[in-house]
Each structure stands twice: as structure tokens, then as C-alpha cells.
Amino acid sequence: MTKHSRPTTRVRIVVAVDGPSSSGKSSVGAEAARRLGYRFCDTGLLYRAVSWLAMERGIAHDQTAALVRLVDDVKLVADARGRLRHVEASGRDVTAEVRGPAVDRAVSDYSKVPELRAALVPLQRALADEAGIIVAGRDIGTVILPDADLKIYLFASPEERARRRAAQRRLSANGTQARGILEDMLRRDAIDSGRQTAPLRAAEDAIVLTTDGNTFQQTVSQVVRTIRQAEKRARAANGETGAP
Ligand code: DC
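Residues numbered from 1 in each chain as written. Predicted model: local features only at pLDDT ≥ 70, side-chain atom pairs only at ≥ 80, totals over all residues. Heavy atoms only, no water.

**So, helix α6 (residues 114-126)**
For α6, built from 13 residues, the straight-helix expectation of 18 Å at 1.5 Å per residue is met to within 8% by its first-to-last C-alpha distance of 19 Å. The principal kink in α6, of about 30 degrees, is found at L120, preceding the proline P122 by one to four residues. Every buried residue of α6 is listed here: L116, R117, L120, V121 and Q124. (Helix = DSSP H or I, 4+ residues; strand = E, 2+ residues; numbered from the N terminus. Expected span 1.5 Å × (residues − 1). Bend = angle between axes of the 7 residues up to and from the residue. Buried < 20%, exposed > 50% of the residue type's maximum accessible area, 1.4 Å probe, protein only.)

**Looking at the nonpolar core**
Formed by 38 residues in total, the largest nonpolar core has its most connected members in L67 and V87. Among the elements that take part in this core, helix α2 (residues 44-56) stands out by supplying 8 residues, more than any other. (Core = buried A, V, L, I, M, F, W, Y, C linked by side-chain atoms within 4.5 Å.)

**A look at the packing of α2 against α6**
Where α2 contacts α6, the axes come no closer than 11 Å and their chain directions differ by 135 degrees. The angle between α2 and α6 places the two elements in the oblique class. The handedness of the crossing between α2 and α6 comes out as right-handed. Packed against α2, whose contacting residues are L46, Y47 and V50, the element α6 presents L116, R117, L120 and Q124 at the interface. Among the residues making up the contact of α2 with α6, the classes are represented as 5 nonpolar, 1 polar and 1 charged. (Axes fitted to C-alpha atoms, helices over the stretch in contact; angles between N-to-C directions. Parallel < 35°, antiparallel > 145°, perpendicular 65-115°, else oblique. Left-handed = near helix turned anticlockwise from the far one by under 90°. Contact = heavy atoms within 4.5 Å. Nonpolar A, V, L, I, M, F, W, Y, C, P; charged D, E, K, R; others polar.)

**Some remarks on the site of the ligand**
Surrounding the ligand, one finds 18 residues, the nearest of these being R48, S108, R117, R138 and R195. D139 has a polar side-chain atom sitting 3.0 Å from a nitrogen atom of the ligand. Within the side chain of D192, an N or O atom sits 3.3 Å from an oxygen atom of the ligand. In isolation the ligand has 450 Å² of accessible area, and contact with the protein removes 97% of it. Placement of the ligand is best described as lying within the largest pocket. The residue makeup of the shell around the ligand, split by class, is 3 nonpolar, 7 polar and 8 charged. (Near = heavy atom within 4 Å. Polar contact = N/O pair within 3.5 Å; in protein donor to acceptor, adjacent residues only side chain to side chain. Areas by Shrake-Rupley, 256 points an atom, 1.4 Å probe, with all protein chains shown as cover. 1 Å grid on protein atoms, 1.4 Å probe; cavity = no way out; pocket = protein on both sides within 12 Å on 5 of 7 lines; lining within 4 Å. Sits in = over half its atoms within 2 Å of the grid points.)

**Side note on the layout of surface pockets**
Its boundaries defined by the atoms lining it, the largest pocket holds a volume of some 790 Å³. S22, K25, S26, R99 and R165 are, among the 37 residues lining the largest pocket, the residues nearest its centre. Roughly 170 Å³ of internal volume is contained in the second largest pocket. Lining the second largest pocket, in full, are P101, D104, R105, R165, R169, Q177, G180, I181, D184, M185 and R188. Here the lining of the second largest pocket takes 6 residues from helix α9 (residues 176-194), the largest share from any one element. Here the lining of the second largest pocket is built from residues that sort into 3 nonpolar, 2 polar and 6 charged. (Points joined across faces, edges and corners; volume = space filled by probe spheres on them.)

In C-alpha cells form, the structure reads like this:
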């Protein structure tokens, strides 16, 4: 800082991060939030927890009223840094369960139900009441927070995403299970992108970041840089240029 300059107020913004499954929204978003001192929410956990509860209770996709009632039993839980990366169902932490393969297979079909999506809207919108948050999902920039200060769409090819998911599960990249992951991913992409309500797509004003070939840290740095630039734009727009 020079002698004549004065500290600039940092403007915190609301960031929507969308992208297909295993594009890194959740892990990259959470790490970027840590670096920036932002809160974070992985909205996929809500859909996963409702799907897990529905399976536990034998509720099918077409039992709409029962499905919507499950929303009351699901709660996101913040860690010490304010990151909403854990989820409780009926008061029990089920984060590990909802990330398992059984939910992977079922969640896209439950997520298609318009009434369930509608029931989850207020919960997600309330997150942005206070700026300084990264919200990750499929329709955050297009439907949930269309006025977000910054929209990022994380793109990665299905093959790259399947490789990452296989590595996470410590599977060999060319084995039968890894091929199964790719097939499953293509099926889920098709459902998520093809559904009538809030299909997965980049918002027109989203910045698309392609992450194929990136390391995790490279993508985090790219996201952090993009957010800092948007903070600067927001500060300039507020007339707080920091000039003496
Ligand atoms: O990001 P994820 O793989 O944990 O998401 C799980 C599912 O939830 C995914 O198949 C689509 C759905 N989802 C959604 O429809 N809208 C969101 N905002 C977040 C997730």
C-alpha cells in the first residue's frame, strides 16, 4: 500500500456456480469459498437427501405430495467456516449416505419432479440474503438466483468427469466399474439437461470455465480470480474505486 492510498473496502458478492455432475462445483466451490472467506452451499445435497429419504421410505417419483413433505425433514448444516456441505435427514447426518452410488442412480429422476423443485426454491433463495456466498447447483444462475452478481458454469467432458469420479472411489480408470460410472454419468447428464423444469444449462450471462486437464488447484485459482475480478467490478459500480 502506498503512503497516500487508503484501504479499499472489499465488496462481497453472490456467486452462482452451475455445472454437470462431477464437474467440481462442490469441491472447487468450497475451496474457493475458504480462500475468499465466503460461505458456500452445495444445493445438490438437498436433492440427494430428499431422494435418499424417499428411497428409505419407499416413496416413488409420482407420489408428489409425500415427496414434497420430505423437504421439511431435510436440513443443511454449516461447518465452522459457514460452508453448507453437510445434510441432515430427520436429525441425522446422512452426508456420506447421500453421496453413495444408490443415490447417484436415483437422484436425477427425483430431481425432475417440478413440485419438489418448487418446494426447494425458497430454501435456496434465502441463502443469498447475505452476500459473500457461493451457491453451487444445476439451475442456480438460470432459476434460483437469476440476479446473482456472478454466474460461473463449470464445464468438463463426461470422460474427464467419469475419470475423476473413478479416482475418488479408488477404481482403476479402465475397469468395468469405471465404464459403468461413465455410462451412469451420460444417463444423468441426459436427464438433468433434458428435463422440462429448470434443465441444466449455462445462463446466457455465465462465464464458462472449461476444466478438462486442469488440476483441482488450477480450477480453484481460476474460480477465485474470476470472483475477485467480479468483486472489483461491483466495487467500481458502487462508486468505491479506492482512489484517494
Ligand atoms: O451436484 P450433484 O451431483 O450432487 O446433484 C445431484 C442431483 O441433484 C443432480 O442429478 C441434479 C440435482 N440438482 C438439481 O436438479 N438442481 C440443483 N440446484 C442441484 C442438484
